[in-house]
Structure formats: C-alpha cells, structure tokens
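Close look at the chain arrangement
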Amino acid sequence: MPGCCEPEDYQSVFTGRFARRMAKRYRKRGLTPAAARIVTFVTDHGVDGASVLEIGGGVGELQLELLRRGATHVTNVEISSNYEEEAALLLQRFGMTDRVDRRLVDIARSPEEVEPADVVVLHRVVCCYPDYQRLLAAAAAHARRLLVFSHPAANPATRAVIWSENSLRRLRGNAFRAFVHPPQAMVAAAEGAGLSTTYRHHSWDWEVVGLER
C-alpha cells in the first residue's frame, strides 16, 4: 500500500500529545477493559518468569502490569518515537526502567531484528497496520508460548467510526489509515505459525484473541 504506514504517517497521528493523554488516563484510571482482559489472559496462563514482547506498546501500561504480576523482562517495539518520553516517565515512576527495552523497529518488515519471547502482545495495533497477515505472522513466529491481540469489533458502529476518522485524515492530507480487518482471517494468520486459539472475547468495541503454542 504505497504512501501508507510509513514511520512519518504514524508520527503524525501518535503524537507526543496523544502519548501524554494515554499516560494521564492510565495514571488516573488504570487499564481499559480490553487491556485488562489481555493481562488476565496472560496471567491465567502463567506470567511468572516470562519474557514479554509487546508490539506497539505505546506508553507501556500493559507492560507495567505484566511486570508487576511476575514477568521478568519486556521488549517493546514501536514505529512512532513520540511515546518514548512518557514511557520513560512511567517506568521511572514504578521503578522498572531496567526491566524494559524499548526499540524502534517495524517487526513486520524486519522480523529478524527482534528476539522471540515467551509472550507476545499486540493491543490496538493490528487495526493500524494495512498488512495484518504479515504483522500477525511475524508476531506469532516470535511467540514461544502465548500470543494475544486485540482488534476492533467488525460491526457497523465500529466501521462507521473508523470510516469517519479516515475520511477526516484524507481531507487533511494525512496518509495514515485505520482498518477493520476480517476477524477470522486475522486468527488464521496467527494460527499459521503453529498456534491454537484458546480464548476469544467479544464486545461492541474491542475484541481480544488469545492463542497458545
């Protein structure tokens, strides 16, 4: 998809202001319901001593919660650099700076640059990437034990919201686009790397899928 999803496109949407808003929300209200379900899935399947790879972890709130529950180390790979300041502040606040490695890598394009982990997480990420099959295949290949991801529910309300947001970006000359990818095709892309789906939670806005090796 030429002109879409280059680093500068992500930077223009996931700005420093956006990062500050996400960090503030987490400090005041904790995890969103979908993020909490991801943490519960991982915890229920054994997080003690686990290494975690989060793809597109933003300011890192999910990582903090998994570390607090027993994960040993987290690697975060990101496309936008605008999260780094707020992520560093959160890590300092919770005394976990030495337990998280944050890197700027597009894992779908450069999977060889990222080491595998016991647990791989993608929250509100697949909808921001046009080639979901390539992204999920790379994520699944890096998961030694568990993969869990969220995606927008494929219903008329969600489609209308994303269509409206994309239309506004188009008018403003912004090349970034969000997507409502086919749910079953996303699951198939992840299962193609030898994982089996053992958890699915449906809600009106965000759905969560958990897979095991």
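Residues numbered from 1 in each chain as written. Predicted model: local features only at pLDDT ≥ 70, side-chain atom pairs only at ≥ 80, totals over all residues. Heavy atoms only, no water.

1. A few points about the pairing of strand β6 (residues 196–201)
The condition is simple: Strand pairing is assigned whenever DSSP identifies at least 2 bridges connecting the two strands. Per the convention used, a helix needs a DSSP run of H or I reaching at least four residues, while a strand needs a run of E reaching at least two, with both numbered from the N terminus.
Looking at chain direction, β6 and strand β7 (residues 206–212) are connected through five bridges and run antiparallel. When the bridges of β7 are listed, Arg 200 appears paired with Val 209. Counting the residues between successive antiparallel strands, the hairpin from β6 to β7 contains four residues.

2. Section: the packing of helix α2 (residues 16–29) against helix α5 (residues 84–94)
Where we set the bar: Axis definition: a line fit to C-alpha positions, over the contact stretch in the case of helices; interaxial angles, taken between N-to-C directions, run 0 to 180 degrees. For classification purposes, angles smaller than 35 degrees are called roughly parallel, those larger than 145 roughly antiparallel, those between 65 and 115 roughly perpendicular, and all remaining angles oblique. Throughout, a contact is declared for two residues whenever any of their heavy atoms are within 4.5 Å. Residue polarity is assigned by list, with Asp, Glu, Lys and Arg as charged and Ala, Val, Leu, Ile, Met, Phe, Trp, Tyr, Cys and Pro as nonpolar; anything else, Gly included, falls into the polar class.
One can describe the packing of α2 onto α5 by two numbers: an axis separation of 9 Å at closest approach and a directional angle of 25°. Considering their axes alone, α2 and α5 lie roughly parallel with respect to each other. Across the interface between the two elements, Ala 19, Arg 20, Ala 23, Tyr 26 and Arg 27 from α2 touch Glu 86, Leu 90, Arg 93 and Phe 94 from α5. Class assignment of the residues belonging to the contact of α2 with α5 gives a composition of five nonpolar, no polar and four charged.

3. A word on the side chain of His 142
Which entries qualify depends on this criterion: In protein, a polar contact requires one atom able to donate a hydrogen and another able to accept it; more generally it is a pair of N or O atoms within 3.5 Å, and residues adjacent in sequence count only if both atoms are side-chain atoms.
By the element assignment, His 142 lies in the loop between α6 (132–141) and β5 (143–152). Polar side-chain contacts of His 142 include one of 2.7 Å to the backbone oxygen of Ala 138. Residues contacting His 142, with those up to four places away along its chain left out, are Leu 53, Ile 107, Pro 111, Val 114, Glu 115, Pro 116, Ala 117 and Val 120.

4. Let's talk about a positive patch on the surface
Heads up, the condition is: Two joining distances apply to patches: 9 Å for like charges and 5 Å for nonpolar side chains (Val, Leu, Ile, Met, Phe, Trp, Tyr), and every residue must have over 30% relative accessible area and no salt bridge. Accessible surface area values rest on a Shrake-Rupley calculation with a 1.4 Å probe, where residue burial reflects the displayed protein chains alone. For salt bridges, the criterion is a side-chain nitrogen of Lys or Arg within 4 Å of an Asp or Glu carboxyl oxygen. Positive charges are assigned to Lys and Arg, negative charges to Asp and Glu, while His and the chain termini are left out of the count. Lysine's charge is taken at NZ, arginine's at CZ, aspartate's at CG and glutamate's at CD.
On the surface, a cluster of positive charge is contributed by Lys 24, Arg 27, Lys 28 and Arg 93. It is α2 that contributes the most residues to the positive patch, three residues altogether. On the secondary structure map, Lys 28 appears in helix α2.

5. Topic: helix α3 (residues 33–44)
Note the threshold: The span one expects for a helix is its residue count, reduced by one, times 1.5 Å. In this scheme, a residue with accessible area under 20% of its type's maximum is buried, one over 50% is exposed, and one in between is partly exposed, where area comes from a 1.4 Å probe on protein chains only. What the arc describes is the spread of directions from the helix axis to the C-beta atoms.
In this model α3 runs 16 Å from its N-terminal to its C-terminal C-alpha over 12 residues, within 8% of the 16 Å that 1.5 Å per residue would give. Buried within α3 are the following residues: Ala 34, Ala 35, Ile 38, Val 39, Phe 41 and Val 42. The arc that holds every buried residue of α3, seen down its axis, measures 160°, which confines them to one face. Turned more than 90 degrees away from the buried face of α3, the exposed residues are Pro 33 and Asp 44. Where the residues of α3 are buried, they touch α4 (61–68), β4 (117–122), β5, β6 and β7.

6. Points about the sheet that holds β6
Reading across the sheet, the seven strands line up as β3-β2-β1-β4-β5-β7-β6 and stay open at both edges, with mixed pairing between neighbours. The open sheet terminates on both sides in strands that have one partner only, identified here as β3 (100–104) and β6. The mean inter-strand angle of the sheet, taken between neighbouring strand axes irrespective of direction, is 15°. For β5 and β7, the ladder comprises seven bridges, and the chain directions are antiparallel. Residue pairing across strands places Leu 146 opposite Glu 212, the latter belonging to β7. Contacts from α4 reach β1 (51–55), β2 (73–78), β3 and β4, with the element oriented near 170° to β2.

7. What to know about the packing of α3 against α4
Counted only if it meets this: A clockwise turn of the near helix away from the far one marks a right-handed crossing, whereas an anticlockwise turn of less than a right angle marks a left-handed crossing.
Between α3 and α4, whose axes approach to 10 Å, the crossing angle comes to 30°. By the criterion of interaxial angle, the relationship of α3 to α4 is roughly parallel. Pair α3 / α4 crosses with right-handed handedness. Contacts from Ala 35, Ile 38, Val 39 and Val 42 in α3 reach Leu 62, Glu 65 and Leu 66 in α4.

8. What to know about the packing of aromatic side chains
The line we're drawing: The pairing test for Phe, Tyr and Trp rings, Trp by its six-membered ring, is centres within 6.5 Å, and the orientation test on the planes gives stacked under 30 degrees, edge-to-face over 60, and tilted for anything in between.
Going through the model one piece at a time under the given rule, you end up with eight aromatic pairs. Centre to centre, the rings of Phe 14 and Phe 18 are 5.5 Å apart; their planes meet at 70°, and the pair counts as edge-to-face. Judged on exposure class, the residue Phe 14 and its partner Phe 18 are both buried. Ring geometry for Tyr 26 against Phe 94: centres 6.4 Å apart, planes inclined by 50°, an arrangement best described as tilted. Of this pair, Tyr 26 sits in helix α2 while Phe 94 sits in helix α5, and the two are 68 residues apart along the sequence.

Honestly, that's just the spatial picture; any functional story needs more than this.
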